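What follows is each chain in one-letter form.
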Amino acid sequence: MASTTAARPSGGRRFSLSWVGAVPFFAYVGLFLLLPTGIIVVGSFFTKDGSLTLANFADIDKPYIIKSFTNSLIISSVSAAIGAVVGAVLAYAVVTGDPNGTLRRLVTSAAGVLAQFGGVALAIALIATVGSEGFVTKFLLARGLNIYAGGLWIYEPIGIILVYLYFQIPLMVLVFLPALDGLRPQWREATESLGGSTWHYWRYVAGPLLAPSFLGCTLLLFANAFSAYATVAALLTQGGVYITLEIQNLLTSETEQTQPGLAQALALTMIVIVVLVTSLYTVLQSRTSKWLR
Amino acid sequence: MKWSSPVRQLGLAVVAFLLVAACGSSPGGTASCNAKTATSATDCGGIDGLVTAAKAEGALNVIALPPDWANYGAVIAGFTAKYGIPINSANPNGSSQQEVDAFDGTPNAPDVVDVGQAVALANTAKFAPYKVATWNDIPAGAKEPTGLWFNDYGGYMGIGYDSSKVPGGTISSVADLLGSGFKGKVALAGDPTKSNQGLNGVIMAGVANGGSLDDVSKGVDFFKQLKKAGNYVPVVGTAATVKAGQTPVLFEWDYLSTSHGKDVSTWKIFVPSNAIIGGYYSQAINKAAPHPAAARLWMEYLYSDAGQNLWLKGGARPVRMAAMTTAGTLDAAAAAALPQVPGTPQVPTGDQTSKASAYVVANWSQAVS
Amino acid sequence: MQRSRRLKLLIFRWVVLVVVGVFFLAPLAAMFEFSTRGNAINAPRTLEGWTLVGQTPGLVKGIIVSLELAVITPLAMLVLLLPTMVWVRLRLPSLKRIVEFVCLLPLTVPAIALVVGLKPIYIWIEINVSPLTQVLAFAYLILILPYSYRTLDAGLAAMDLKTLSEAARSLGAGWATVMLRVVVPNMSSAILNASLLSVALVLGEYTVANLLNFQNLQVEIQYVSLTTSNTATAVALGSLLFAFILLLVLSFIGRSRGRRTRAEEIIPSSASSAGIWGQRV
């Protein structure tokens with residue numbers, strides 16, 4: 001779009017008043033996004049009495065906080081990896097069908113709901129399915145298979161990963177479909193006319209093209225799982241060792257009275273990790289979109 | 001012209017939204033008495049004056065009152081039926097700590113709280129003093145002299161369990177829970193760093209394992225071992241988890257296990273004879289209560305014979321029980337149905353609970369993570 | 001060659017869809033089964049969990065509040081974001097990068113972290129503006145920014161905004177007319193999509209509401225799940241199905257309109273070229 005020519009006609013007055021149109025948006029975002037972020041950043045560097053300090057970050061050294069970070073990183077990576085692969089496969093199965101068809105609409109609607117609906121509904125679903133009195137548990141028990149013979153695993157990381165898959169896979173479908181949509185049939189035909197097989201196509205044509213997007217989407221899934229609070233909160237009501245639960249705990253416990261900066265320091269650390277991951281995602285996405293726009 | 005339509009439209013939308021929001025929130029009614037500083041009903045011209053002021057306020061905010069906890073469902077319904085004041089009940093399974101944390105100065109904050117001793121003692125600066133009409137019936141050790149907090153009902157800490165899920169169908173000692181037949185079955189009914197019930201569960205486990213009311217470390221150690229053995233479930237035990245079978249063995253107040261028996265027919269309770277820990281909860285009024293008159297009326301209702309008997313029906317021991325027995329106003333049938341106590345109870349003092357709470361807050365995450 | 005490839009593809013698609021379908025439908029079926037269980041071990045199935053929803057006052061309030069938020073938030077988003085995006089495209093192109101960055105920010109600030117900073121602001125709002133749960137819309141608008149921006153941006157890119165708006169203005173239309181009668185109809189599917197994503201997010205949101213001490217639908221479900229698991233499971237399942245059906249129905253409406261518009265466009269976009277090449281890889 002030749003945007004520069006659009007700017008000319010109004011002459012000098014344009015400069016003084018055009019920007020006013022952007023004020024409401026920036027004012028709103030400034031108040032509800034930048035200000036809270038600022039509060040976090042500032043709060044993590046101050047103690048209760050207002051003196052500048054790095055002590056809040058030093059306290060992250062505590063064993064159970066390190067363990068929360070580790071646990072969160074582990075479940076985020078594993079659920080992102082599995083979710084990315086399964087989601088990509090599912091997205092491919094959908095995209096190879098009718099672009100206007102019912103299947104695609106069904107899957108994208110379901111994905112849209114599940115990707116946002118984490119938390120409470122999923123925790124309830126998990127308990128209803130594989131909880132101690134769950135449908136699948138009792139079904140298998142009646143056939144002689146006790147899935148809890150080795151211990152109650154739904155509250156362990158493996159159970160959390162399982163429940164995370166229920167919003168990771170849909171999210172992957174949603175963010176990876178546009179990339180798959182961009183694959184041109186001509187490329188497949190070109191590969192075949194040059195004598196290549198399916199494997200050649202994926203290994204040398206589609207694979208390298210999709211790789212940056214795939215990686216980027218995996219990173220997005222990681223950030224999503226890392227930030228997730230509702231699911232673990234609804235499942236592990238007695239508290240578990242995950243960083244989002246730790247932050248919530250600090251916001252409401254007595255430690256908050258004596259050390260308010262710790263929750264903010266943890267929040268800031270989380271933000272930094274997620275910012276890094278999301279920036280990588282953006283870079284990778286722009287590389288892919290060059291080819292697949 | 002340059003104040004373009006989009007900006008104008010946005011401005012109109014914002015104004016419309018704010019208008020709707022403002023119309024929705026009704027300001028507090030003018031009270032005939034200054035309920036905020038009333039320290040007893042007489043300051044408001046007697047109970048009737050208090051009722052008028054409360055009705056003018058139009059609502060009451062309560063928090064952390066599950067309907068099946070000591071029959072609170074009936075208590076709440078009774079209050080609304082008697083005075084026509086609707087009650088907003090927030091966060092029914094909240095802990096004592098969360099109750100006082102909700103005092104954020106907004107109109108959604110709770111007016112009254114029902115908290116454990118440690119939390120009550122630690123937060124007296126946030127409470128307003130008030131003496132109910134039946135003040136003298138409350139024993140001296142069960143209330144703060146100026147009325148900042150006062151005990152309401154109590155019970156004994158026990159282990160509720162589903163006898164059909166437990167090896168041998170019965171529990172005879174707390175140490176049994178460490179056995180292999182209890183894998184993934186044992187839970188607390190609250191987070192002990194925040195919840196009074198959770199804390200007393202840990203205290204009871206400690207006393208039963210050789211500790212004392214002054215030393216809760218054995219209790220924390222017990223749960224550490226429980227977690228290591230794979231027997232501990234990181235889920236807060238509630239009526240729903242009991243019914244869903246998630247928490248078949250639960251450290252809970254004896255009056256709660258009575259209500260759980262209604263959901264699970266094989267539910268029993270075990271109170272260890274060497275560790276009968278009794279505990280009372282305390283009522284307090286928010287100093288910055290959004291509905292001060294309704295808050296005080298609620299207290300009058302709770303400490304009336306009707307209110308105390310409703311708690312009794314829920315299996316809890318109301319604080320005015322001794323006085324009401326003498327006066328003959330106690331519900332005899334409900335009193336006879338109270339859970340049995342197999343020995344001499346020990347009741348931790350305020351200091352002991354505070355000390356235990358401090359220890360648990362500092363060491364719990366480490367132990368069960 | 002073609003036939004065997006097509007066959008393999010068909011088998012592959014069927015296997016994937018069935019396996020994943022079972023994976024996702026099993027919990028839904030389990031939730032329905034759970035919500036209809038009787039009270040004792042061999043008690044008959046009952047719909048009590050479902051019928052009691054209307055009698056659980058907290059739940060009803062939560063449903064109503066969340067539905068209201070699901071209407072207010074997308075509307076507010078359209079009123080705030082769409083004019084701004086149009087304005088930036090037409091008059092302030094240098095700001096485009098900044099607006100895009102700002103709209104992506106909420107993705108990088110986890111909700112739980114954002115709430116830490118939102119709390120003092122919300123305390124001020126509750127005291128000075130309104131204590132009603134509907135004020136959550138302010139925070140939700142921020143949460144939906146990334147998704148809405150991307151969808152609306154794609155929609156704006158697919159239409160020749162500059163030409164159309166200048167044509168309308170030169171014919172004497174005011175900005176209101178331009179927005180309502182030129183921009184909106186030409187990107188109706190993008191607007192619909194953005195709104196739907198917002199609805200899904202609002203209905204499923206728990207973190208911010210819970211930590212700011214508000215009671216919306218998901219928070220109420222969580223409360224009820226701690227006392228009456230049947231009813232909670234029923235409402236959770238109901239809200240999932242409701243959001244799904246809503247998105248599905250509206251996806252049918254949105255798509256067909258979008259198709260018509262694109263067919264009449266002079267400038268082919270990548271989206272329309274996808275439609276031309278019907279056979280997918």
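Residues numbered from 1 in each chain as written. Chains lettered and ligands numbered in written order. Predicted model: local features only at pLDDT ≥ 70, side-chain atom pairs only at ≥ 80, totals over all residues.

1. Remarks on the overall build of chain A
Tallying secondary structure elements over chain A gives 15 helices and zero strands in all. By residue count, 48% of the 293 residues in chain A fall in the buried class. When contacts within chain A are restricted to residue pairs at least 6 apart in sequence, those whose partners lie at least 24 apart make up 75%. (Helix = DSSP H or I, 4+ residues; strand = E, 2+ residues; numbered from the N terminus. Buried ≥ 20, exposed ≤ 12 C-beta atoms within 10 Å, placed from the backbone. Contact = placed C-beta atoms within 7 Å.)

2. Remarks on the overall build of chain C
When helices and strands are tallied, chain C shows 13 helices and zero strands. Reading chain C from its N terminus to its C terminus gives the helix and strand order α-α-α-α-α-α-α-α-α-α-α-α-α. Of the contacts formed within chain C by residues at least 6 apart in sequence, a portion of 76% connects residues at least 24 apart.

3. With respect to the domain arrangement of chain C
Residues and elements named next belong to chain C. Structurally, chain C comprises domain 1 (1–35) and domain 2 (55–267). Between the C-alpha centres of domain 1 and domain 2 there is a distance of 31 Å. Grouping the amino acids of the side of domain 1 that touches domain 2 by side-chain chemistry returns four nonpolar, one polar and no charged. (Domains from an automatic or database assignment. Nonpolar A, V, L, I, M, F, W, Y, C, P; charged D, E, K, R; others polar.)

4. Considering the packing of helix H9 (residues 157–181) of chain A against helix H11 (residues 198–227) of chain A
All names here are of chain A. Their axes nearest at 10 Å, the elements H9 and H11 cross at an angle of 145°. Here H9 runs over H11; the crossing is right-handed. In this structure, H9 uses Tyr164, Gln168, Leu171, Met172, Val175, Phe176 and Ala179 to contact H11, whose residues at the interface are Leu210, Ser213, Phe214, Cys217, Leu220, Leu221, Asn224 and Ala225. Considering only residue class, the contact of H9 with H11 consists of 12 nonpolar, three polar and no charged. (Axes fitted to C-alpha atoms, helices over the stretch in contact; angles between N-to-C directions. Left-handed = near helix turned anticlockwise from the far one by under 90°.)

5. Side note on the environment of Leu215 of chain A
Mapped onto the elements, Leu215 of chain A comes out in helix H11. Sequence separation between Leu215 of chain A and Leu126 of chain A is 89 residues, and the spatial gap between their C-alpha atoms is 28 Å.

6. Let's talk about unusual backbone geometry
A negative phi holds for most residues other than glycine; trans holds for most peptide bonds. All names here are of chain B. For Ala64, which is not glycine, the phi torsion reads 60° and is therefore positive. As for its position among the elements, Ala64 is in the loop between strand S1 (60–63) and helix H3 (72–83). The backbone phi angle of Ala70 is positive, close to 50°, even though this residue is not glycine. Tracing the backbone shows Ala70 in the loop between S1 and H3. Residue classification places Ala70 among the buried positions, given that 29 C-beta atoms sit within 10 Å.

7. Overview of the nonpolar core
In terms of nonpolar packing, the biggest core is built from 294 residues, with Ala91, Met172 and Phe176 of chain A touching the most fellow members. Residues in contact with Ala91 of chain A, not counting those within four places in the same chain, are Met172, Val173, Phe176, Leu177 and Leu180 of chain A. (Core = buried A, V, L, I, M, F, W, Y, C linked by C-beta atoms within 7 Å.)

8. What to know about the interface of chain A and chain C
Tallying the contact residues gives 69 residues for chain A and 73 residues for chain C. The element contributing the most residues to the side of chain A that touches chain C is helix H3 (residues 23–44) of chain A, with 11 residues. Its residues assigned to classes, the side of chain A that touches chain C comprises 44 nonpolar, 21 polar and four charged.

9. As for the pairing of strand S5 (residues 150–162) of chain B
All names here are of chain B. Of all the 13 residues making up S5, 13 are buried; the element is thus mostly covered by neighbouring parts of the structure. For S5 and strand S9 (residues 278–286), the ladder comprises five bridges, and the chain directions are antiparallel. Directly across from Gly154, in S9, lies its bridge partner Tyr280. Note that S5 and strand S10 (residues 317–318) share two bridges and pair antiparallel. By the bridge assignment for S10, Gly154 is matched with Arg317. Summarising the sheet, S5 and strand S8 (residues 267–270) pair through four bridges and their orientation is antiparallel. The residue bridging Asp162 from the neighbouring strand is Trp267, located in S8. (Pairing = 2+ DSSP bridges.)

10. A look at the environment of Asn193 of chain C
Residues and elements named next belong to chain C. One can find Asn193 in helix H9 (residues 188–204). Look at Asn193 and you get buried, because 26 C-beta atoms sit within 10 Å. Between the C-alpha atoms of Asn193 and Gly155, which are 38 residues apart in sequence, the distance is 9.8 Å.

11. Re the confidence of the model for chain A
All names here are of chain A. When pLDDT is averaged along chain A, the result is 81, and 86% of the positions lie at 70 or above. Highest mean pLDDT in chain A belongs to helix H5 (residues 63–95) (91); lowest belongs to helix H1 (residues 3–7) (44). Within the model, the stretch residues 1–10 combines pLDDT values under 50 with five contacts to residues more than four positions away or in other chains. (pLDDT = per-residue confidence, 0-100.)

12. Thoughts on the packing of helix H10 (residues 185–193) of chain A against H11 of chain A
All names here are of chain A. Between H10 and H11, whose axes approach to 10 Å, the crossing angle comes to 120°. Between H10 and H11, the angle is such that the two are oblique. As H10 runs across H11, the sense of the crossing is right-handed. Taking contact as the criterion, the partners of Trp187, Arg188 and Thr191 in H10 are, on H11, His200, Tyr201 and Val205. (Parallel < 35°, antiparallel > 145°, perpendicular 65-115°, else oblique.)

13. Brief notes about the environment of Thr329 of chain B
Residue and element names in this part refer to chain B. The topology assignment puts Thr329 in the loop between helix H12 (321–327) and helix H13 (332–336). Residue classification places Thr329 among the partly exposed residues on the basis of 14 C-beta atoms within 10 Å. C-alpha separation for the pair Thr329 and Thr238, spaced 91 residues apart in sequence, amounts to 32 Å. Once residues within four sequence positions are removed from consideration, Thr329 is found in contact with Asp305 and Met324.

14. Structural notes on the confidence of the model for chain C
Close inspection of predicted coordinates is inappropriate in any region flagged by low pLDDT. Residue and element names in this part refer to chain C. The share of residues in chain C with pLDDT of 70 or more is 87%, and the mean pLDDT across the chain is 80. Across chain C, the element-wise mean pLDDT spans from 26 in helix H13 (residues 270–276) up to 90 in helix H3 (residues 57–90). pLDDT under 50 marks residues 256–281. Its contacts with residues more than four places away, or in other chains, come to 24 contacts. If you check the scores for this complex, the pTM reads 0.79 and the ipTM reads 0.78.

15. A word on helix H6 (residues 102–116) of chain A
Residues and elements named next belong to chain A. An ideal rise of 1.5 Å per residue puts 21 Å on 15 residues; H6 measures up with 21 Å between its terminal C-alpha atoms. Most of H6 is tucked away: 11 of the 15 residues are buried. Among all positions of H6, only Arg105, Val107, Thr108, Ser109, Ala110, Ala111, Gly112, Val113, Leu114, Ala115 and Gln116 are buried. (Expected span 1.5 Å × (residues − 1).)

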